[in-house]
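# Structural characterization, general
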Amino acid sequence: MRLLLRFMGFLFAAGTIVFLVGVAAVAGMIWHYSKDLPDYSQLQDYEPPVMTRVHAADGALLGEYSKERRLYLPIQAVPKLVINAFLAAEDKNFYEHGGIDYSGMARAALLYAQNFGSNRRPQGASTITQQVAKNFLLTNEVSFTRKIKEALLAMRIERAYSKDKILELYLNEIYLGLGAYGIAAASLVYFDKSVNELTVAEAAYLAALPKAPAALHPIRNRDRAVERRNYVVDRLLENGWIKQADADKARKEPLAVTNRANAAHTFAGEYFAEEVRRDVLERYGEKKLYEGGLSVRTTLDPKLQVAARKTMVAGLINYDEAQGWRGAANKLDIGGDWGVKLADVKSLSDISPWRLAVVLESGEKSARIGFQPGRELGGAVSKERQTGIVTIDGVKWAKAAAGPTRGKTPTMVSQVLSAGDIIYADPLLAKDGSLVEGQFRLRQLPEVSGAMVAMDPWTGRVVAMVGGFSFDQSQFNRATQAYRQPGSSFKPLVYSAAMDNGYTPSTVVVDAPIEIDQGQGAGVWRPENYSTGKYYGPQTLRMALQKSLNTVTVRLAQDVGMPLIGEYAKRFGVYDELPNYLSYALGAGETTVMRMVTAYSMFANGGRRVKSTLIDRIQDRYGHTIFKHDARECRGCDAPQGWKNQPEPQLVDRREQVLDAMTAYQITSMMEGVVQAGTATVMRDVGKPIAGKTGTTNDEKDAWFIGFSPDLVIGVYLGYDKPRNLGKGATGGHLAAPIARDFMKLALADKPAVPFRVPAGIKLIRVDSKTGMRAGPGDSGRTILEAFKPGTAPPDNYSVIGVADAEGRSLTVPADADRTILRSGTGGLY
């Protein structure tokens with residue numbers, strides 16, 4: 001008995017020693033691995049990379065920019081269904097354990113022992129807290145060392161943070177495939193839904209993804225993905241988180257994925273979105289743009305943007321088709337499966353309803369074409385093959401652009417198309433605008449390009465912008481990056497300088513040949529009107545602008561002085577510096593459509609400076625406004641106690657007055673004349689008050705129109721990217737103005753016809769439109785109301801600038817003088 005007691009005592013002592021050694025060993029191991037544990041307190045201030053989202057003025061999503069597609073969602077905003085799905089899939093005891101699930105660890109250890117030596121990856125037993133520790137603070141190394149550190153960190157995290165905070169971190173950090181991080185982004189990427197709209201099946205599929213998103217790809221591994229999704233559904237049912245009927249319905253639901261694009265989401269807004277991206281990048285840098293979670297509210301009006309894109313593209317196509325068919329750009333071997341070959345050909349994605357196609361066979365009356373097949377989410381070419389017919393009606397426009405048949409209308413389809421031609425086609429429309437079933441029209445990518453900008457003149461907000469025919473074809477934004485000669489559309493700035501310095505719209509300047517000695521061996525410059533060799537003699541400034549007379553503008557620039565005109569050009573933002581050469585008064589300098597539209601906005605708004613903007617407001621990830629375009633002070637806008645019959649709020653506008661308001665109205669009135677009876681008469685079809693000016697450069701390389709209503713400015717230019725002649729008669733009035741007209745008809749369709757605002761102090765006096773003199777009782781046939789500033793009036797006699805005697809003294813010419821005597825020369829009348 002004594003021996004037994006001694007033996008039991010020995011065992012107890014030995015056990016105690018082993019226990020103490022074990023405790024010491026565990027304590028030592030914990031101390032060893034705790035020495036270099038990361039600081040988990042950084043989780044408190046965690047700011048994950050969050051995508052920047054860009055919205056149109058009406059809130060529509062315009063674009064998203066990120067390195068990791070993530071939207072941070074507070075746990076309070078996550079539906080219970082989604083939370084339960086992830087708990088069912090990853091850690092059903094999450095709200096019960098202290099960071100480590102010991103039963104899960106035992107299960108993983110047993111499987112490891114069974115699979116030892118098989119080279120299989122050990123099954124994890126990580127809780128959600130452990131995954132947070134790994135994802136945020138550790139690496140993905142597969143080792144016991146990392147698991148020990150993971151467990152130690154998990155216990156510390158559990159003591160420091162609430163369960164909801166830990167779960168919030170997890171649900172926003174995890175990678176769920178297809179470039180989506182976190183449940184909010186994944187919900188949009190996979191199903192184009194917010195998390196609140198997810199079905200049981202959809203939530204279960206997202207919850208299945210953290211284990212292996214690539215292995216559960218919804219297209220490439222559909223069967224495995226459905227199996228894992230249904231496993232999560234079963235766990236939801238087993239835990240009592242959904243009903244049997246919901247589970248049955250979820251298992252039967254097909255795995256339908258709606259992939260969400262990562263480009264511009266508003267049709268026709270690609271150039272606009274890219275310009276906004278560049279702006280934000282310049283302001284805040286790359287990290288803030290792609291990781292800062294900014295919310296950018298832009299000035300884009302989606303309806304006006306679609307109208308701008310529609311009319312600009314139509315104008316480019318109309319001009320290009322008038323030049324003829326240049327032939328198919330490429331050929332394709334149509335032997336075998338032509339669809340697979342055509343799928344590899346690059347096609348433009350933003351020119352719908354145009355579709356890339358290949359000619360399968362061609363005859364006299366028709367050609368059969370096959371359309372480019374689409375690709376599934378996994379990248380495989382669709383097996384569906386769609387074909388159509390192009391009849392003679394679909395190629396009538398396709399006159400040969402070169403060769404012996406140049407300019408001849410085709411009489412057979414085979415004269416235009418042959419088998420293997422890669423072309424674009426869209427549905428054929430009948431004369432009444434209805435679709436012709438099964439028939440298509442041949443299309444051609446235009447070589448000519450151009451740009452359009454529409455702006456609110458009172459704020460500088462760009463409501464629509466088109467930078468070219470196709471953003472997918474060329475990302476070069478011709479509205480902001482293409483520097484072109486504006487031609488005669490620059491003339492209103494010359495006239496503004498004159499009006500501010502004593503001239504009136506009734507001032508008469510002679511239109512006659514003129515020679516300018518440029519000095520320093522540069523020779524003699526002889527500017528001419530567009531209609532070469534035609535001159536009109538003495539003209540009022542109104543009529544000279546209306547007819548866009550170059551020699552009058554040059555004489556005016558001589559008299560006013562190019563340094564002053566350069567100052568006005570800089571003040572209006574058209575040029576940074578304008579050389580003191582008279583040719584620049586005719587728009588020989590290079591500028592952009594955006595700059596010209598901004599300048600014209602100052603005519604429309606009464607001379608106030610405006611700064612063009614594509615962005616109204618930028619907020620950071622916390623909703624704090626960090627940029628606002630509208631800098632006007634709003635007095636009385638803060639009313640924390642609500643409406644108490646206080647005075648109405650007032651906006652205080654401290655913007656610089658760059659042009660006298662009366663001068664701005666005079667120029668506007670003169671440009672109304674350009675529309676009513678000048679070079680832009682096509683704009684009369686708008687049926688609303690419009691003012692504007694056309695522009696055509698030397699050798700007809702660029703065609704411009706800049707114009708405005710009282711509340712909307714539009715600017716258009718057409719030209720080849722490598723400037724070349726557009727053809728005889730390719731003027732701003734014939735090419736650019738019709739595009740502006742079509743846009744303004746759509747933009748102002750539901751707007752009342754509002755006249756231009758007449759500023760205080762302006763006197764409207766009836767004058768003779770030919771002489772500029774005060775109209776008499778019998779002059780009703782050619783009288784107009786002309787705008788005069790205080791202290792000015794119509795002239796009492798017919799004084800002509802540019803007509804002088806041999807000694808340089810100005811002459812007073814009778815109103816009925818023979819204008820044929822007004823010639824250029826050195827002495828006498830000139």
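Residues numbered from 1 in each chain as written. Predicted model: local features only at pLDDT ≥ 70, side-chain atom pairs only at ≥ 80, totals over all residues. Heavy atoms only, no water.

## Quick look at the packing of helix H14 (residues 491–499) against helix H17 (residues 562–571)
Contact geometry of H14 with H17 gives a least axis separation of 9 Å together with a crossing angle of 115 degrees. Two packed elements cross with a definite hand, and for H14 against H17 that hand is right-handed. Contacts between H14 and H17 involve Leu493, Val494, Ser496 and Ala497 on the former and, on the latter, Leu564, Ile565, Tyr568 and Ala569. (Axes fitted to C-alpha atoms, helices over the stretch in contact; angles between N-to-C directions. Helix = DSSP H or I, 4+ residues; strand = E, 2+ residues; numbered from the N terminus. Left-handed = near helix turned anticlockwise from the far one by under 90°. Contact = heavy atoms within 4.5 Å.)

## Quick look at the confidence of the model for the chain
Across the chain, pLDDT averages 86, with 84% of residues at or above 70. Confidence over residues 805–830 falls short of pLDDT 50; this stretch has 46 contacts with residues more than four positions distant or in other chains. (pLDDT = per-residue confidence, 0-100.)

## Re the packing of aromatic side chains
The relative placement of two aromatic rings is captured by the distance of their centres and the angle of their planes. According to the stated counting rule, one finds 18 aromatic pairs in the structure shown. Plain terms: the ring middles of tyrosine 175 and tyrosine 181 are 4.8 Å apart, the flat faces sit at 50 degrees to each other, and that makes the pair tilted. When the centroid spacing of 5.6 Å and the interplanar angle of 85 degrees are considered together, the rings of tyrosine 600 and phenylalanine 603 count as edge-to-face. Of this pair, tyrosine 600 and phenylalanine 603 are both found in helix H18 (residues 593–604), three residues apart, which corresponds to roughly one turn of the helix. Considered together, tyrosine 600 and phenylalanine 603 belong to a single accessibility category, that of buried residues. Through pairs of rings, three or more aromatic residues link up here, namely Phe572, Tyr600, Phe603, Phe708 and Phe756. (Phe/Tyr/Trp six-rings, centres within 6.5 Å; stacked < 30°, edge-to-face > 60°. Buried < 20%, exposed > 50% of the residue type's maximum accessible area, 1.4 Å probe, protein only.)

## Things to note about helix H12 (residues 302–322)
Between its first and last C-alpha, H12 extends 30 Å over 21 residues, near the 30 Å set by a 1.5 Å rise per residue. For H12, a buried count of 15 out of 21 residues is recorded, marking the element as mostly surrounded by other parts of the structure. Two or three places before lysine 303, at the start of H12, stands the capping residue aspartate 301, its side-chain oxygen 3.1 Å from that residue's backbone nitrogen. Of the residues flanking the end of H12, it is glycine 324, one or two places downstream, whose phi is positive at about 110 degrees. (Expected span 1.5 Å × (residues − 1). Polar contact = N/O pair within 3.5 Å; in protein donor to acceptor, adjacent residues only side chain to side chain.)

## Some points on the sheet that holds strand E2 (residues 61–65)
Strands sit in the order E2-E1-E5-E18-E19 across an open sheet of five strands; the sheet is mixed. The open sheet terminates on both sides in strands that have one partner only, identified here as E2 and strand E19 (625–628). Averaged over all pairs of adjacent strands, the angle between strand axes in this sheet comes to 15 degrees, irrespective of strand direction. Bridge analysis of strand E1 (residues 52–55) against strand E5 (residues 295–298) gives three bridges, and the strand direction is parallel. By the bridge assignment, valine 54 is partnered in E5 with valine 296. Along the sheet, helix H11 (residues 270–291) makes contact with E1, E2, E5, strand E18 (615–619) and E19, crossing E2 at roughly 35 degrees. (Pairing = 2+ DSSP bridges.)

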